[in-house]
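# Examining the three-dimensional arrangement
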Amino acid sequence: MTLAPETVPAHPADGVDVLELYRAHLGSGRSMLGSVMGGITEVGSAGAYVTGADGRRFLDVGGYGVFILGHRHPRVVAAVHDQLDRHPLATRVFLEPMTALAARALAGIAPPGLDQVHFVNSGAEATETALKLARVHGHDRLVSAVSGYHGKTLGALSATANPLYQRPFEPLAEARTHIPYGDIGAMRETLARLGSRACVILEPVQGEGGVVVPPPGYLGEVSAACRQAGAMLVIDEVQTGLGRLGSWWGIDAEDVEPDLLLVGKGLSGGVVPVAAVLATKAAYQPFGDDPFLHTSTFGGSPLASAAALAAITVLRDEHIVTRAASLGDELLAELNRVAAGFPGMVEQVRGRGLLIGLKMADPGLVGEMVLSLVDRDVLANHSLNAASVLRLTPPAILSPDELRQCVTAVAESLAEVRDRA
Ligand SMILES: Cc1ncc(COP(=O)(O)O)c(C=O)c1O
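Residues numbered from 1 in each chain as written. Predicted model: local features only at pLDDT ≥ 70, side-chain atom pairs only at ≥ 80, totals over all residues.

## A look at the site of the ligand
Close to the ligand lie 15 residues, the nearest being Gly123, Ala124, Gly151, Val238 and Gln239. For the shell around the ligand, the leading source of residues is helix H5 (residues 123–136), giving three residues. Residues belonging to the shell around the ligand are distributed by class as follows: four nonpolar, eight polar and three charged. (Near = placed C-beta within 6 Å. Helix = DSSP H or I, 4+ residues; strand = E, 2+ residues; numbered from the N terminus. Nonpolar A, V, L, I, M, F, W, Y, C, P; charged D, E, K, R; others polar.)

Dropping the structure here:
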């Protein structure tokens, strides 16, 4: 849908060749990607929609899992505006009340025992923080799952088990082991070898790995095995946390006792980047005792804290978690119904809550689907660690009409891609 020209607000880049600026300053690869996507520039957003420079509106069921509240939720925007007008960045000399309030709010919704909070700026930085905390406790043997995704900074990359991203940056942490996800036998064997020096990092459902749901009981068994071995357990809920799976946390259904839990993406409220590490008192002690051991100039800024606090408040007040669960059930059922008509193309529709993957028969089909969906004004994502999985992470504020728009677009795109072949 395209807005009438008079309703499209002026933008500082009006008349500028954005693609050319990308080519000149942001890299040929990024500009080529933009060109493949039709050279569309995004200049606005609200609710479930992103707006292009020409006023065209796209239903955003992608967003790499960030927009559980949609774009620019009014209560998050109001809280951030208010903080912007008061005090956006702290001196880091005095105490800062918004950071304290956000920490209390996050601890208030955290799984039991995780009442220590360390704010950072991104998911990868949360992983870095966790790996350093593990090291300082002597857990210097990193264990992660094949296709697990934990970010791309140098430390996090040791946990992100994809040779495509790791190989150009070798040597990474030498003491790392990647084992199959969902295989408790492999985990027990590894822990038997590494003992208490192990630091295990896992996602409750692999997101970038192509929406891989582990067998029931796996996470609980990993937790028990880690306790028995004296290993550290880091649960990465950067993508799965804060309602995305239709529960507050991906580990809620099982008896899992992490030492550290990582949160990001949705914590931003879709407005200001922020991530955090939740920790037990024992795990956090080295950083808790020495405030200069691990620091970041912008980590836990008042502005980011205002966004996080507002996001948590909205999640609670607007029953976002239960909405994600019911909307997710409905969407999964609808997409399964649609996919049944394309048996040669879609091998499986899988997921939990509002993290849904369509496993395609061929990786090439994912790119074609993303493009065909854009033609229908719908944004979806590929998966960074699973080339053949189209990923949908819609907001929990989707209306019945918007849900129907998404399902219809997927059905039409599947038909178009099939008929093109
Ligand atoms: C589970 C998980 N951990 C960590 C990250 C890294 O987060 P960021 O891209 O904010 O560094 C991601 C990003 O997709 C993720 O899905």
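## What about the sheet that holds strand E13 (residues 378–379)?
Pairing in this open sheet of four strands is mixed, and the strands run E1-E2-E3-E13 from one edge to the other. Because the sheet does not close on itself, it has two edges, and the strands there are strand E1 (42–46) and E13. Of the pairings in the sheet, the one linking E1 to strand E2 (residues 49–52) comprises four bridges and is antiparallel in character. Opposite Glu42, over in E2, you have Gly52 as the bridge partner. (Pairing = 2+ DSSP bridges.)

## Focus: helix H4 (residues 97–109)
Along its 13 residues, H4 runs 19 Å from first to last C-alpha, staying within 8% of the 18 Å computed at 1.5 Å per residue. Residues of H4 that are buried include every one of Met98, Thr99, Ala102, Ala103, Ala105 and Leu106, and no others. For H4, the angular spread of buried residues about the axis comes to 165 degrees, placing them on one side. In H4, the exposed positions that point more than 90 degrees away from the buried face belong to Pro97 and Gly108. Those residues of H4 that are buried lie in contact with helix H3 (74–86), strand E4 (116–120), strand E10 (275–279) and helix H11 (302–317). (Expected span 1.5 Å × (residues − 1). Buried ≥ 20, exposed ≤ 12 C-beta atoms within 10 Å, placed from the backbone. Arc of directions from axis to C-beta. Contact = placed C-beta atoms within 7 Å.)

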